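One letter stands for each residue in the lines below.
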Amino acid sequence: MQIIRNEVRTGLLVLLTLGLAVGAVLYLSSPGLFRALHTYKVYLDNAAGIKPGATVMLAGRKIGIVQSIASPVPPNERPEGHPSDEVVITVEVSPDAQIYKETSVTMRTFGLLAELVIDFTNGNAASGLAQTGDSFVGSRAPDLGELGPQVIQRLDPALRQAEATLAELQRTATNLTELTAPHSSLMGTLKSFESIGNSLSTMTSTGGPIDNSLAKLRGTLDTVNGLTAQLTSDNNLQKTVSNFNNSSEELKLVLNDVHRELNGIFPRVNVILTDFGQLSGRLKNQPWRLIWPNTIKYNDESSVAPEPTPRAKTRRTGKKVTG
């Protein structure tokens, strides 16, 4: 009897242990068997190989699993503004997980084995908690096969710019090669500079043209300094200036005398010219008076023709009297 009792106890213990193990496995793998879970739908453009039972996370913490995957979604059931989202993933999460109505849902790889997971992040607490059955529009992180074309597409402008830069550098190198060629204009200019430098060196060397010119200029300056010193020592400069002043005064006096003489001569010249004009006029009108000056007699003195100036008067005898 004791042996039977021990075997029964052992069997009950084994059954209890198996029950606890099975319950723990079911709780971990299928938490919905023991308590109600919240169900959400996530719309994506591509399932990208995710499988039912995949992990669902909330900011990196596991909160549930993927229940089912359906595709393609009918166009009339797709989210508004996202006609390309043709996959719907149904997830089950723990009811105590705080998933807000406004949150970001991303399908990405996780861990060293690149396991695909659904991750809820960046929730807005002001929008309130999501209710079971709500749907979200998710985004998918590109895999390695999609990263290549995207990277190439983004690098294409930089590659084009680099290609243009290399072409420009090649043209610059070609231009530099042409400039530094033996018979190029740059080398000719450098040779001209070299010739000019040699000429300047020859001109500025000791005994050169510039040196000789400076020596002559120095000698001329020494001569001028000697003359200036001599003039200063003998007071010749002061005497010369004094003589020049005296000569200027004398010349001024002579010019004044000449001016006075001219002022006296000019009226006489005017009178002479006036008389000569009168004489020539009368000779033109009465040329016989040169031979017979008494042939014409005047009745009275008032009948005589008026003269241009009052300085000259003619008597009845025909002789000119200056007054």
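Here the structure is a predicted model, which means the values were calculated and not measured. (Residues numbered from 1 in each chain as written. Predicted model: local features only at pLDDT ≥ 70, side-chain atom pairs only at ≥ 80, totals over all residues. Heavy atoms only, no water.)

On the secondary structure map, Thr55 appears in strand E2 (residues 55–58). For Thr55, a relative accessible area of 12% translates into the label buried. If we skip the residues at most four places from it in the chain, Thr55 touches Lys62, Gly64, Glu115, Val117 and Ile118. (Helix = DSSP H or I, 4+ residues; strand = E, 2+ residues; numbered from the N terminus. Buried < 20%, exposed > 50% of the residue type's maximum accessible area, 1.4 Å probe, protein only. Contact = heavy atoms within 4.5 Å.)

Relative to the assigned elements, Thr103 resides in the loop between strand E4 (87–93) and strand E5 (104–110). One polar contact links the side chain of Thr103 to the main-chain carbonyl oxygen of Thr121, over a distance of 2.7 Å. Sequence-distant contacts of Thr103, that is, excluding residues within four places in its chain, are made with Phe120, Thr121, Asn122, Gly123 and Phe136. (Polar contact = N/O pair within 3.5 Å; in protein donor to acceptor, adjacent residues only side chain to side chain.)

What follows deals with the pairing of E2. What you see with E2 is no split at all: Thr55 and Met57 on one side and Val56 and Leu58 on the other are buried throughout. The pairing of E2 with strand E3 (residues 61–70) spans four bridges and is classified as antiparallel. If you follow Val56 over to E3, its bridge partner there is Gly64. Hairpin connection from E2 to E3: two residues lie between these consecutive antiparallel strands, with Ala59 at a positive phi of about 55 degrees. (Pairing = 2+ DSSP bridges.)

According to the stated counting rule, one finds two aromatic pairs in the structure shown. On the numbers, 5.8 Å between centres and 70 degrees between planes, the contact of Tyr40 with Phe136 is edge-to-face. Separated by 96 residues along the polypeptide, Tyr40 in strand E1 (residues 38–44) and Phe136 in strand E7 (residues 135–137) bring together distant segments of the chain. Looking at Tyr40, the relative accessible area reads 1%, which means it is buried. When its relative accessible area of 4% is taken as the criterion, Phe136 is described as buried. Ring centres of Phe120 and Phe136 lie 5.7 Å apart, and the angle between their planes is 80 degrees; this geometry places the pair in the edge-to-face category. You can see Phe120 sitting in strand E6 (residues 115–121) and its partner Phe136 sitting in strand E7, a full 16 residues away along the chain. For Phe120, a relative accessible area of 0% corresponds to the buried category. Counting every residue linked through ring pairs, the aromatic cluster contains Tyr40, Phe120 and Phe136. (Phe/Tyr/Trp six-rings, centres within 6.5 Å; stacked < 30°, edge-to-face > 60°.)

By themselves, these are just geometric observations and shouldn't be taken as functional.
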